[in-house]
Amino acid sequence: MSIPQLFKQGRVLSLEVFPPKPDSPIEVIDKTLDRLAPLKPDYISVTYGAGGSGRSRSVEIAKKILPICKCLSHLTCVGADAAEIDSVLDSLKEAGISDIMALRGDIPKDMDAESAFVHYQHASDLITHIKNRGDFDMGAACYPEGHPQSDSLMEDIDNLKRKVDAGAQFLVTQLFFDNVLFYRFMEQLRRRGVHVPVTAGIMPVLNAAQIVRMTLLSGTSVPPELAKIIARYGDNPADFRKAGLEFAMDQVSGLMANGVQGIHLYTMNKADAITEIIKETGLR
Ligand code: FAD
């Protein structure tokens, strides 16, 4: 069953992993996958290094995921030409992957803006390319608070609609900490005529350094309850982890109570917290 079809059967649970750093053996991911498998996710996604770095690792990991569950393989187009994209698509097809998360990506450190966007400017260009090949189902990224490069959320939603019109069949959100922003975003999407399933991306925040890094990178806003956790437990790792985990569980429970179509947990390649969230919230 394809990922778009899974959404027709009910709420979808997905987990995200990333390839280990190039200087670590690829096998370090095996332990994480072994621990995520019993959680019975509907699919596991594997991220893709923008600019092609580690791309063969993404395909290798996708192959490791397939015996566990469906795999959503991320693919970015920044800095790539059609031949490079086709070569990755060929490897994925050969590996038995039929679902792709089609992304633009960010300009890699070793590339300038001019060479980054010669062949593909936006994720919608990649989606059109993949759709024309016809071998894959596709998801795309969305941003409940707007993509940081957009002037406004409405402008970003207009661009999101271009991705859906081009062939994206479901959407996965950037991480967010305030469910109200997600509910508002959903209303705006539906009003704008975007009706594909949307999965809420949740990242449990387990230490203070992680939240600073993630919010700086993604531009995600920090609601007062989370700010309070940082202020109160910033110097106490054990208490911070406990409070951060409870915050993530509350977020997931709230979304479930409000009929969310999918929950996507950013695992950071760690299974403990994810296992606790899934068990405590009744996600499985
Ligand atoms: P786009 O959809 O192209 O959007 C980028 C910007 O361009 C937005 O401001 C948008 O409004 C604007 N835009 C889009 N289309 C048009 C248009 N036609 N005309 C004018 N403006 C337009 N990065 C990785 O490197 N690897 C990964 O595996 C990865 N996985 C991710 C998974 C998720 C769920 C999310 C949310 C992000 C992920 N990213 C990943 C990060 C992503 O690559 C960056 O956020 C990137 O800056 C934008 O990618 P996009 O696909 O959303 O781009």
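Here the structure is a predicted model, which means the values were calculated and not measured.

Student: Could you give me a rundown of the layout of surface pockets, with the residues and numbers involved?
Tutor: In this model, the second largest pocket occupies a volume close to 280 Å³. Surrounding the second largest pocket, 15 residues form its lining, Leu206, Asn207, Gln210, Met268 and Lys270 being those nearest its centre. At three residues, helix α12 (residues 272-281) tops the list of elements feeding residues into the lining of the second largest pocket. Here the residues of the lining of the second largest pocket are counted per class, giving seven nonpolar, three polar and five charged.

Student: Could you give an account of the site of the ligand, naming the residues involved and the relevant values?
Tutor: As a structural note, the neighbourhood of the ligand is formed by 25 residues, with Tyr48, Asp106, Tyr143, Asp156 and Lys163 the closest of them. Between Tyr48 and the ligand, the recorded distance is 2.7 Å, taken from a backbone N or O atom to a nitrogen atom. Measuring from an oxygen atom of the ligand, one finds a side-chain N or O atom of Asn159 at 2.9 Å. Protein burial of the ligand: of its 960 Å² of free accessible surface, 85% is covered by the chains. Every element with two or more residues in the shell around the ligand is listed here: β3 (70-76), β4 (99-103), α7 (153-166) and β6 (170-173).

Student: Let's hear about the side chain of Asn179: which residues, and what values?
Tutor: The topology assignment puts Asn179 in helix α8 (residues 179-191). Side-chain polar atoms of Asn179 contact the backbone oxygen of Gln251, separated by 3.0 Å. Those residues in contact with Asn179 that sit more than four places away from it in its chain are Gln251, Gly254 and Leu255.

Student: Before we move on, can you summarise the packing of aromatic side chains with the specific residues and values?
Tutor: Each aromatic ring pair is specified by the distance between its two centres and by the angle formed by the two planes. This structure, assessed with the given rule, holds four aromatic pairs. On the numbers, 6.1 Å between centres and 65° between planes, the contact of Phe182 with Tyr183 is edge-to-face. Overall, the relative accessible area of 4% leaves Phe182 in the buried class. When its relative accessible area of 26% is taken as the criterion, Tyr183 is described as partly exposed.

Student: Any details on the packing of α8 against helix α11 (residues 237-257)? Residues and values, ideally.
Tutor: Interhelical geometry of α8 versus α11 gives an angle of 30° and a closest axis separation of 10 Å. Considering their axes alone, α8 and α11 lie roughly parallel with respect to each other. Of the two possible hands of crossing, α8 and α11 adopt the one that is right-handed. Contacts between α8 and α11 pair Asn179, Phe182 and Tyr183 from the former with Gln251, Gly254 and Leu255 from the latter. Within the contact of α8 with α11, the residues separate by chemical class into three nonpolar, three polar and no charged.

Student: Tell me about the packing of helix α10 (residues 224-233) against α11, residues and numbers included.
Tutor: Each pair of packed helices can be described by the angle between their axes along with the distance between the axes. Put simply, α10 and α11 touch, their axes get as near as 9 Å, and they point 170° apart. Put simply, α10 runs roughly antiparallel to α11. Facing Glu225, Leu226, Ile229, Ile230 and Tyr233 of α10, the residues of α11 in contact are Pro237, Asp239, Phe240, Ala243, Gly244 and Phe247.

Student: Describe the state of the cysteines, naming the residues involved and giving the relevant values.
Tutor: Under the definition given, this model contains zero disulfides. Free of any disulfide, Cys69 has its nearest cysteine sulfur in Cys71, 7.5 Å distant.

Student: Mind laying out the sheet that holds strand β1 (residues 12-17), listing which residues take part and the relevant values?
Tutor: Ordered in space as β1-β2-β3-β4-β5-β6-β7-β8, the eight strands form a closed barrel in which the pairing is parallel. Across this sheet, the average inter-strand angle for adjacent strands is 25°, counted without regard to direction. Of the pairings in the sheet, the one linking strand β7 (residues 198-202) to strand β8 (residues 262-266) comprises four bridges and is parallel in character. Counted as the bridge partner of Gly201 is His264 from β8. The sheet contacts of helix α4 (residues 82-95) involve β3 and β4, and relative to β3 the element is tilted by about 170°. Those strands touched by α12 are β1 and β8, and its axis lies near 155° from that of β8.

Procedures and definitions
- Residues numbered from 1 in each chain as written.
- Predicted model: local features only at pLDDT ≥ 70, side-chain atom pairs only at ≥ 80, totals over all residues.
- Heavy atoms only, no water.
- 1 Å grid on protein atoms, 1.4 Å probe; cavity = no way out; pocket = protein on both sides within 12 Å on 5 of 7 lines; lining within 4 Å.
- Points joined across faces, edges and corners; volume = space filled by probe spheres on them.
- Helix = DSSP H or I, 4+ residues; strand = E, 2+ residues; numbered from the N terminus.
- Nonpolar A, V, L, I, M, F, W, Y, C, P; charged D, E, K, R; others polar.
- Near = heavy atom within 4 Å.
- Polar contact = N/O pair within 3.5 Å; in protein donor to acceptor, adjacent residues only side chain to side chain.
- Areas by Shrake-Rupley, 256 points an atom, 1.4 Å probe, with all protein chains shown as cover.
- Contact = heavy atoms within 4.5 Å.
- Phe/Tyr/Trp six-rings, centres within 6.5 Å; stacked < 30°, edge-to-face > 60°.
- Buried < 20%, exposed > 50% of the residue type's maximum accessible area, 1.4 Å probe, protein only.
- Axes fitted to C-alpha atoms, helices over the stretch in contact; angles between N-to-C directions.
- Parallel < 35°, antiparallel > 145°, perpendicular 65-115°, else oblique.
- Left-handed = near helix turned anticlockwise from the far one by under 90°.
- Disulfide = S-S within 2.5 Å.
- Pairing = 2+ DSSP bridges.

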